[in-house]
Amino acid sequence: MAAGLVMREAHFPGRAPVDAYGDGGFRFAEMSHRGSILCLPSGIYGWEPADPLALTPADFAKLLAEADKVEILLVGTGRELRPLPADLRAALKEARISADPMSTGAAVRTYNVLLAEDRAVAAAFIAVD
């Protein structure tokens, strides 16, 4: 007999374009996810930065663990462009990752193009309503 409901970390084990975004989530690989996501070479993960308005290096620990497979990071900062904090920019620079913040919509579109070109791209998308 099962011990009850088991909650697992949201994870899609592969790379896939993002088909849609909005209403607080994303659609990809014929699935949907409510909340923000982190798209890495190892897959797409549910992502919950501590404060979406003040991103930190700790929010990108999974990305930094895969830094050798990533050249470009697109950061969808929500409806509006927000600059990345200096400590995060420094951590990404040290890992040799070029980071480009932009609105989530622009980041999704750019990610899909770079993914189709088979580029070494990762993305962090903050969900928008």
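Up top you'll find the structure we're talking about.
Residues numbered from 1 in each chain as written. Predicted model: local features only at pLDDT ≥ 70, side-chain atom pairs only at ≥ 80, totals over all residues. Heavy atoms only, no water.

### Concerning the environment of Ile97
Stated formally: Each helix corresponds to a stretch of at least 4 residues labelled H or I by DSSP, and each strand to a stretch of at least 2 residues labelled E; elements are numbered beginning at the N terminus. What makes two residues a contact is simply this: any of their non-hydrogen atoms within 4.5 Å.
Here Ile97 is to be found in the loop between helix H2 (86–94) and strand E8 (98–102). C-alpha separation for the pair Ile97 and Ala67, spaced 30 residues apart in sequence, amounts to 7.0 Å. Setting aside anything within four residues of it in sequence, one finds Ile97 in contact with Leu63, Ala67, Val70, Glu71, Ile72, Leu73 and Leu92.

### Concerning unusual backbone geometry
For the record, the criterion: The buried label applies to any residue whose accessible area, calculated with a 1.4 Å probe on protein chains only, is under 20% of its type's maximum; exposed applies above 50%, and partly exposed to all values in between.
Its identity is not glycine, yet Asp23 carries a phi of approximately 50 degrees, on the positive side. Judged by its relative accessible area of 61%, Asp23 is exposed. The residue Glu30 is not glycine, and still its phi comes out positive at about 60 degrees. Of note, Glu30 is situated in the loop between strand E3 (25–28) and strand E4 (31–34).

### Focus on the environment of Asp68
With respect to the helices, strands and loops of the structure, Asp68 is situated in the loop between helix H1 (61–65) and strand E7 (72–76). For the pair Asp68 and Ala95, spaced 27 residues apart in the sequence, the C-alpha separation amounts to 7.9 Å.

### Quick word on the pattern of salt bridges
Rules: Take a side-chain nitrogen of Lys or Arg and a carboxyl oxygen of Asp or Glu: if they are within 4 Å of each other, that pair is a salt bridge.
Tallied over the full model, the rule gives 1 salt bridge. A salt bridge links Arg119 to Glu117; its shortest N-O distance comes to 3.7 Å. Assessed through its relative accessible area of 35%, Arg119 is described here as partly exposed.

### Here's the deal with the packing of aromatic side chains
Pairs of aromatic rings are described using the distance from one ring centre to the other and the angle between the two planes. This is how it is decided: Each Phe, Tyr or Trp ring, with Trp reduced to its six-membered ring, pairs with another whose centre is within 6.5 Å; inter-plane angles below 30 degrees give stacked pairs, above 60 give edge-to-face pairs, and intermediate values give tilted ones.
On inspection of all chains with the given rule, the structure shows 4 aromatic pairs. Arranged with centres 6.1 Å apart and planes meeting at 65 degrees, the rings of Phe12 and Phe28 form a pair that is edge-to-face. Highlighted residues: Phe12 in strand E1 (residues 11–12) and Phe28 in strand E3, separated in sequence by 16 residues. On the basis of relative accessibility, which here comes to 5%, the residue Phe28 falls in the buried class. Taken together, the ring pairs in this structure connect Phe26, Tyr111 and Phe125 into an aromatic cluster.

### Some words on helix H3 (residues 104–116)
Counted only if it meets this: What a helix should span is 1.5 Å times the count of its residues minus one.
End to end, H3 covers 18 Å across 13 residues, agreeing with the expected 18 Å (1.5 Å per residue, within 8%). When we look at burial in H3, the residues that qualify are Thr104, Gly105, Ala107, Val108, Tyr111, Leu114 and Leu115. Those residues of H3 that are buried are in contact with strand E2 (18–22), E3, strand E5 (36–40), E7, E8 and strand E9 (121–125). Immediately downstream of H3, the backbone of Asp118 shows phi near 60 degrees, a positive value.

### Details of the sheet that holds E3
Put simply, the rule is: Whether two strands pair depends on DSSP finding at least two bridges between them. All axes are obtained by fitting lines to C-alpha atoms, using only the stretch in contact for helices, and the reported angles, taken between N-to-C directions, cover 0 to 180 degrees.
Here we have 3 strands laid out as an open sheet, ordered E2-E3-E4, and antiparallel in their pairing. Both outer strands of the open sheet, E2 and E4, are each paired with one neighbouring strand and no more. Looking at each pair of strands side by side, their axes are set apart by 15 degrees on average, direction ignored. Two elements, E2 and E3, share 4 bridges in a ladder whose sense is antiparallel. Paired with Gly22 across the strands is Gly25, a residue of E3. Sheet contacts for H3: E2 and E3; angle to E2, the most-contacted strand, approximately 175 degrees.

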